[in-house]
Amino acid sequence: MNLLSVVLLAMFTVESAGDARPVAPAAPTGPPPVSQLVERIDQLHKRRDDKGAFAEEQTLVQTTLARAPKDFGVLWRAARYYFWLSDDLGLSKEDRSRFGKDGWDIAERAISANPSHVAGYYWAAVCMGNYALGLGVMKALSQGMESKFRDRLSRAEKLDGRIEFGAIDVAWGRFFDKLPWPKRDRDAAERHFRRAIGINGANLRARVYLASSYLDQDRPADAKRLLDEVAAAPAAGRYDGPEERRCKAIATGLMTTVAAQLK
């Protein structure tokens, strides 16, 4: 065998050995599982008053809802997102009402997916409330929404009366406070706001809404005491940072009315 033959034989042997080595499987491709997306949505929701985080939450909510339109966990989180959006006082009444209706519709689908869980009923009620406030209370009542709201919130209360740090009593308080006369019952409203504070001593929204009720009753000194408590509360987040910061902003706005009434 000459030298050229030896070299060619060696090259062939190396190539054959290389071909025989096991090939590592390709990394899997495709979208992440829904459970991973839901976990990310929850992480972003904790920072929802940051514009970047909220924009990412919006994108994930919409894409995940499109992927899993009957998934209970996806549905109630989508309703939660629309509640926060419809609760933004910087939006027009029309937009707040529209987003509240979007959240309400999605929450009703969550109820159908899991009628034994509190989340569907709770988010349906509070989204319905924002829809009604944007629409106008009298118009909402003419559409029969009072009985629907009472039903959803009552069902939520039976399943878990302490959800969202006393928010069910906050919702009841707001409901009784905003009903038109003679349905309005501000004594019942105050009892519910006080009960919410009993459930969560740090609850700022209960204080803000009770202060607003006091202002409507020409009780600015009582309103100021509550709003001063809100202003003095830490901003770091004792139970829900974005919620607490939003309530502080609402309280600041109400202080203008307090000052006018105290003159």
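Residues numbered from 1 in each chain as written. Predicted model: local features only at pLDDT ≥ 70, side-chain atom pairs only at ≥ 80, totals over all residues. Heavy atoms only, no water.

### Side note on the overall build of the protein chain
Part 1 of the argument: On a plain count of helices and strands, the protein chain comes out with 13 helices and zero strands.
Part 2 of the argument: Ordered by position from N to C terminus, the α and β elements of the protein chain give α-α-α-α-α-α-α-α-α-α-α-α-α.
Part 3 of the argument: Burial status across the protein chain gives 44% buried among its 263 residues.
Part 4 of the argument: In the protein chain, once contacts between residues fewer than 6 apart in sequence are set aside, the share between residues at least 24 apart is 60%.
Part 5 of the argument: Surface summary for the protein chain: the accessible area is close to 14100 Å², and the carbon and sulfur share equals 56%. (Helix = DSSP H or I, 4+ residues; strand = E, 2+ residues; numbered from the N terminus. Buried < 20%, exposed > 50% of the residue type's maximum accessible area, 1.4 Å probe, protein only. Contact = heavy atoms within 4.5 Å. Areas by Shrake-Rupley, 256 points an atom, 1.4 Å probe, with all protein chains shown as cover.)

### What about helix 9 (residues 163-178)?
Part 1 of the argument: With 16 residues, helix 9 should reach 22 Å at 1.5 Å per residue; the first-to-last C-alpha distance of 22 Å fits that figure.
Part 2 of the argument: Counting buried positions over the 16 residues of helix 9 gives 12, a clear majority of the element.
Part 3 of the argument: Considered for burial, the residues of helix 9 that qualify are Ile163, Gly166, Ala167, Ile168, Asp169, Val170, Ala171, Trp172, Gly173, Phe175, Phe176 and Asp177.
Part 4 of the argument: The inward-facing, buried residues of helix 9 contact helix 6 (118-135), helix 8 (145-159), helix 10 (186-199) and helix 11 (204-216). (Expected span 1.5 Å × (residues − 1).)

### Focus: the packing of helix 8 against helix 9
Part 1 of the argument: Contact pair helix 8 / helix 9: the axes reach a minimum separation of 10 Å and the direction vectors enclose 160°. On the basis of the axis angle, helix 8 is roughly antiparallel to helix 9. As for how helix 8 packs across helix 9, the hand of that crossing is left-handed. Along the contact surface, helix 8 presents Glu146, Phe149, Arg150, Leu153, Ser154, Ala156 and Glu157, while helix 9 presents Ile168, Asp169, Ala171, Trp172, Phe175 and Phe176. (Axes fitted to C-alpha atoms, helices over the stretch in contact; angles between N-to-C directions. Parallel < 35°, antiparallel > 145°, perpendicular 65-115°, else oblique. Left-handed = near helix turned anticlockwise from the far one by under 90°.)

### Points about the nonpolar core
Part 1 of the argument: Counting 78 residues, the largest nonpolar core has Tyr122, Trp123, Phe149 and Val208 as its most contacted members.
Part 2 of the argument: Sorting elements by how many residues they give to this core places helix 6 first, with 12 residues.
Part 3 of the argument: When near neighbours in sequence (up to four residues on either side) are disregarded, Trp123 contacts Trp76, Ala79, Arg80, Phe83, Ala107 and Glu164. (Core = buried A, V, L, I, M, F, W, Y, C linked by side-chain atoms within 4.5 Å.)

### Description of the confidence of the model for the protein chain
Part 1 of the argument: For the protein chain, per-residue confidence averages 91 on the pLDDT scale, and residues scoring 70 or more make up 89% of the total.
Part 2 of the argument: Contacts for the low-pLDDT stretch residues 3-20, under 50 throughout, to residues beyond four places or in other chains number one contact. (pLDDT = per-residue confidence, 0-100.)

### Some remarks on the side chain of Arg96
Part 1 of the argument: Structurally, Arg96 is set in helix 5 (residues 93-113).
Part 2 of the argument: Within the buried core, Arg96 has no salt-bridge partner, and the shortest N-O distance to an opposite charge, that of Asp87, equals 4.2 Å.
Part 3 of the argument: If sequence neighbours within four positions are ignored, Arg96 has contacts with Ser86, Asp87, Asp88, Leu89, Leu91 and Asn130. (Lys, Arg positive; Asp, Glu negative; His and termini not counted. Salt bridge = Lys/Arg side-chain N within 4 Å of Asp/Glu carboxyl O.)

### Points about the side chain of Asn200
Part 1 of the argument: As for its position among the elements, Asn200 is in the loop between helix 10 and helix 11.
Part 2 of the argument: The class of Asn200 is buried, set by a relative accessible area of 12%.
Part 3 of the argument: Excluding residues that lie within four positions of it along the chain, Asn200 makes contacts with Phe165 and Tyr239.

### Details of unusual backbone geometry
As a rule of thumb, non-glycine residues mostly have phi less than zero, and peptide bonds are mostly trans rather than cis.
Part 1 of the argument: Note the cis peptide between Trp181 and Pro182, where omega equals 10°.
Part 2 of the argument: Along the chain, the position of Pro182 falls in the loop between helix 9 and helix 10.
Part 3 of the argument: The backbone phi angle of Phe165 is positive, close to 60°, even though this residue is not glycine.
Part 4 of the argument: With respect to the helices, strands and loops of the structure, Phe165 is situated in helix 9.
Part 5 of the argument: Relative accessible area serves as the criterion here: at 35%, Phe165 is assigned to the partly exposed category.
Part 6 of the argument: Of note in the backbone geometry, Asp218 takes a positive phi value of approximately 60° without being a glycine.
Part 7 of the argument: Here Asp218 is to be found in the loop between helix 11 and helix 12 (220-232).

### What to know about the pattern of salt bridges
Part 1 of the argument: Following the criterion strictly, the structure yields 24 salt bridges and no others.
Part 2 of the argument: Ionic pairing is found between Arg246 and Asp87, a salt bridge with its closest N-O pair at 3.1 Å. With Arg246 in helix 13 (residues 241-262) and Asp87 in the loop between helix 4 (72-86) and helix 5, this residue pair connects regions lying 159 residues apart in the sequence.
Part 3 of the argument: Within this structure, Asp87, Arg205, Glu243 and Arg246 form a network of salt bridges that share partners.

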